[in-house]
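# Analysis of the macromolecular model
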Amino acid sequence: MSYTIGFQAKDQKAILATEAATANQAVAIIAALRQSAEEIKYIRSPQEGDMGIEMLLLLAKEEAEEMPQRG
């Protein structure tokens, strides 16, 4: 499932967007954006529509549980 993350820098008016292929990648991007003082404006998925960070974290957890374990 793909995700689009919209964000805005504190000193800019434009909203930028970036793509992530998985929920886990989206969580990592959001963490990096938060560290650089960017404001998250939206998180979207074609399958889920608009969602909050809590929903994304839940999807990332489910995604991780579905991944085959390497041993």
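One can find the structure itself at the top, above this paragraph.
Right, let's get into the pattern of salt bridges. This model, assessed by the stated rule, comprises two salt bridges. Where Lys41 meets Glu39, a salt bridge forms, and the shortest distance between an N and an O atom there is 3.4 Å. When its relative accessible area of 36% is taken as the criterion, Glu39 is described as partly exposed. In this structure, Asp50 engages Arg44 in a salt bridge whose closest nitrogen and oxygen atoms are separated by 2.7 Å.

The strands making up a sheet associate through hydrogen bonds between their backbones, and the pairing can be parallel or antiparallel. Taken together, the four strands give an open sheet; going across it, the order is 2-1-3-4, and neighbouring strands pair in antiparallel fashion. In this open sheet, the two edge strands, each paired with only one partner strand, are strand 2 (16–20) and strand 4 (49–51). With strand direction ignored, the average angle separating the axes of adjacent strands in the sheet is 30 degrees. Each of strand 1 (3–9), strand 2 and strand 3 (38–45) is contacted by helix 1 (residues 23–35), which is oriented at about 5 degrees to strand 1, the strand it contacts most.

Reading guide: rules and limits
Residues numbered from 1 in each chain as written. Predicted model: local features only at pLDDT ≥ 70, side-chain atom pairs only at ≥ 80, totals over all residues. Heavy atoms only, no water. Salt bridge = Lys/Arg side-chain N within 4 Å of Asp/Glu carboxyl O. Buried < 20%, exposed > 50% of the residue type's maximum accessible area, 1.4 Å probe, protein only. Pairing = 2+ DSSP bridges. Helix = DSSP H or I, 4+ residues; strand = E, 2+ residues; numbered from the N terminus. Axes fitted to C-alpha atoms, helices over the stretch in contact; angles between N-to-C directions. Contact = heavy atoms within 4.5 Å.

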